[in-house]
Amino acid sequence: MNLAEEIKKLKKEMNAVILAHNYQRGEVQRIADFTGDSLQLARKATEIDADYIVFAGVDFMAETAAVLNPDKTVLIPSQVASCEMAIFLTPEMIEEARKKYPGAAVVLYVNSTAACKAMADITCTSANAVRVVESLNEDTVLFGPDSNLAQYVAKRTAKKIIPLPPNGHCYVHTNLMPENVRHDGVLLVHPECPMEMQNEADVIASTGGMIRYVAKSDAKRFVVATERDMVERLKMEFPEREFVPAWPDAICLGMKQITLRKVYESMKEKKYVVKVNDEIASKAKKAIERMLEVS
Ligand code: 13P
Ligand code: SF4
């Protein structure tokens, strides 16, 4: 039996569901029960009827699934599948900023640790960031950890957006600059890209938003300014269209830790169980659920 078949068998035996992010390797996306962007995956995690959730993505996504499902076992196939953006922000930084800006709301991108989310008023993803900010009563918003997404939101709301910290970013997207990328197709740009790149975009969207945009578009060729394997996802969805990575070196090493073999071993050995401290989990859950309510 090949690995994909073994995984299928284990899924049945364990009553497990595999969730995968759009940046996962094609081989992993193909065995997943559901593939999506951060918001779609967080929502899906609330709808699952299974004993195990195997999360093919990075740590903060698996933590979100664990926080939303205290009664299920969440497994992540690698202990080093981490998001480098999340480490830009610490609970201490949030505490200090709250003192400096009393009365400001704290909106945290889901690409943050559970300990930080526990201190947020609400979380957001790139798919709903503007909607989340607009849903608040406060006029001043501390927004972190992605300063590029903060700028994207600031351009689309009258509220005062203060990036927390001022320089938080994703190393994969930060190099996606107009001078580094190709421009020979409809340009799809993720809002984690710097403003210079966002300004060149035909559309700025989350990974799920990119799929929705292509579905409505008549164009045949698209240049994809985000993690390279988003192209795999788009090709699977629209085999008759052409997709090229804006820059082929845009690779998220955290996402690439997950392979078909690691998924198999994770299921076979029931590792690595994602655990979030109870107190942190219950506070983080409120911020995540509030986001799900407004989006
Ligand atoms: P999406 O929510 O658009 O899938 O983005 C998640 C992410 O980590 C982008 O780098
Ligand atoms: Fe984090 Fe960047 Fe990887 Fe997205 S692409 S998971 S923001 S490191």
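Structural notes, computed from the coordinates. Sequence order as written defines residue numbering, which begins from 1 separately in each chain. As they are written, the chains are lettered A onward and the ligands numbered 1 onward, keeping that order. In keeping with the predicted nature of the model, local features appear solely for residues at pLDDT of at least 70, side-chain atom pairs appear and are counted solely at 80 or more, and the whole-chain, interface and lining totals rest on all residues. Working from all heavy atoms in the structure, the side-chain values ignore hydrogens and water.

**Observations concerning the site of ligand 1**
At step 1: By convention in this text, a residue qualifies as near a molecule or strand provided that one of its non-hydrogen atoms is within 4 Å of it. In the vicinity of ligand 1, the contacting residues are His21, Tyr23, Asp37, Ser38, Asn111, Ser126, His173, His190, Glu192, Ser206 and Thr207.
At step 2: Residues adjacent in sequence count toward polar contacts only when both atoms are side-chain atoms; beyond that, a polar contact is any pair of N or O atoms within 3.5 Å, and within protein one must be able to donate a hydrogen and the other to accept it. One nitrogen or oxygen atom from the side chain of Ser38 is found 2.7 Å from an oxygen atom belonging to ligand 1.
At step 3: Using a 1.4 Å probe, the Shrake-Rupley method yields the accessible areas, and only the shown protein chains count as cover for residues. In isolation ligand 1 has 300 Å² of accessible area, and contact with the protein removes 96% of it.

**Here's the deal with the sheet that holds strand E5 (residues 105-109)**
At step 1: When DSSP finds two or more bridges between two strands, those strands count as paired. Each helix is a run of H or I in the DSSP string that is no shorter than four residues. Each strand is a run of E no shorter than two, and both are numbered from the N terminus. Strand order in the open sheet made by the 4 strands is E6-E5-E7-E8, with parallel pairing throughout. Both outer strands of the open sheet, strand E6 (122-124) and strand E8 (160-163), are each paired with one neighbouring strand and no more. Averaged over neighbouring strand pairs, the angle between their axes works out to 30 degrees when direction is ignored.
At step 2: Where E5 lies against strand E7 (residues 140-144), 4 bridges are found, and the strand directions are parallel. Geometry is summarised by axes, namely lines fitted to C-alpha atoms with helices restricted to the contacting stretch, and by angles between N-to-C directions that run from 0 to 180 degrees.

**Digging into helix H8 (residues 147-154)**
Spacing of three or four residues puts side chains on the same side of an α-helix, whose turn is 3.6 residues.
At step 1: Of all 8 residues making up H8, 6 are buried, and the element is well covered by its neighbours.
At step 2: For H8, the set of buried residues is Ser147, Asn148, Leu149, Ala150, Tyr152 and Val153.
At step 3: Contacts are assigned to residue pairs with any non-hydrogen atoms lying within 4.5 Å of each other. Elements that come into contact with the buried residues of H8 comprise E5, helix H7 (129-134), E7, E8, helix H10 (195-198) and strand E10 (203-204).
At step 4: For H8, the N-terminal cap is Asp146; the gap from its side-chain oxygen to the backbone nitrogen of Asn148 is 3.1 Å. Note on classification: 1.4 Å probe, protein chains only; a residue is buried when its accessible area is under 20% of the maximum for its type, exposed when over 50%, partly exposed between these limits.

**Brief notes about the packing of helix H4 (residues 59-68) against helix H15 (residues 278-294)**
At step 1: Following both chains from N to C, one finds H4 and H15 inclined at 95 degrees, their axes separated by 9 Å at the closest point. Put simply, H4 runs roughly perpendicular to H15. Together, Thr64, Val67 and Leu68 of H4 and Ala281, Ala284, Lys285, Ile288, Glu289 and Leu292 of H15 make up the contact between the two elements.
At step 2: Classification convention: Asp, Glu, Lys, Arg as charged; Ala, Val, Leu, Ile, Met, Phe, Trp, Tyr, Cys, Pro as nonpolar; all other residues, Gly among them, as polar. Of the residues assigned to the contact of H4 with H15, the class counts are 6 nonpolar, 1 polar and 2 charged. Each angle gets one of four labels, with under 35 degrees taken as roughly parallel, over 145 as roughly antiparallel, 65 to 115 as roughly perpendicular, and the rest as oblique.

**Describing the site of ligand 2**
At step 1: Close contacts around ligand 2 come from Tyr23, Val58, Cys83, Glu84, Asn111, Cys170, Tyr171, Val172, His173, Glu192, Cys252 and Met255, and that covers them all.
At step 2: Considered class by class, the residues forming the shell around ligand 2 number 8 nonpolar, 2 polar and 2 charged.

**Quick notes on the side chain of Thr35**
At step 1: Note that Thr35 resides in strand E2 (residues 34-36).
At step 2: Judged by relative accessible area, Thr35 falls into the buried class, the value being 13%.
At step 3: When neighbours within four sequence positions are excluded, Thr35 is seen to be in contact with Ala20, His21, Asn22, Gln29 and Arg233.

**Observations concerning the packing of aromatic side chains**
At step 1: To pair, rings of Phe, Tyr and Trp, with the six-membered ring standing in for Trp, must have centres within 6.5 Å; the planes then decide the type, stacked if under 30 degrees apart, edge-to-face if over 60, and tilted in the middle. Under the defined criterion, the tally for this structure stands at 2 aromatic pairs.
At step 2: Measuring from ring centre to ring centre gives 5.3 Å for Phe222 and Phe243, while their planes differ by 20 degrees; the resulting arrangement is stacked. Here Phe243 lies in strand E12 (residues 242-245) and Phe222 lies in strand E11 (residues 221-225), a separation of 21 residues in the sequence. A single burial state applies to Phe222 and to Phe243, both of which are buried.
At step 3: The interplanar angle of 45 degrees and the centroid separation of 6.3 Å between the aromatic rings of Phe238 and Phe243 together place this pair among those described as tilted. Here Phe238 and Phe243 have matching classes, each one buried.
At step 4: Ring pairing ties together the aromatic residues Phe222, Phe238 and Phe243, which thus form one cluster.
At step 5: The ring of Phe34 carries the charged tip of Lys44 above its face, separated from the ring centre by 4.9 Å. In this analysis the charged atom, NZ for Lys or CZ for Arg, is taken to sit over a ring once it is within 6 Å of the ring centre and within 35 degrees of the ring normal.

**What about helix H11 (residues 207-216)?**
At step 1: If you check which residues of H11 are buried, you get Thr207, Gly208, Gly209, Met210, Ile211 and Val214.
At step 2: The secondary structure elements touched by the buried residues of H11 are strand E1 (16-21), helix H3 (38-47), strand E9 (186-189), E11, helix H12 (230-237) and E12.

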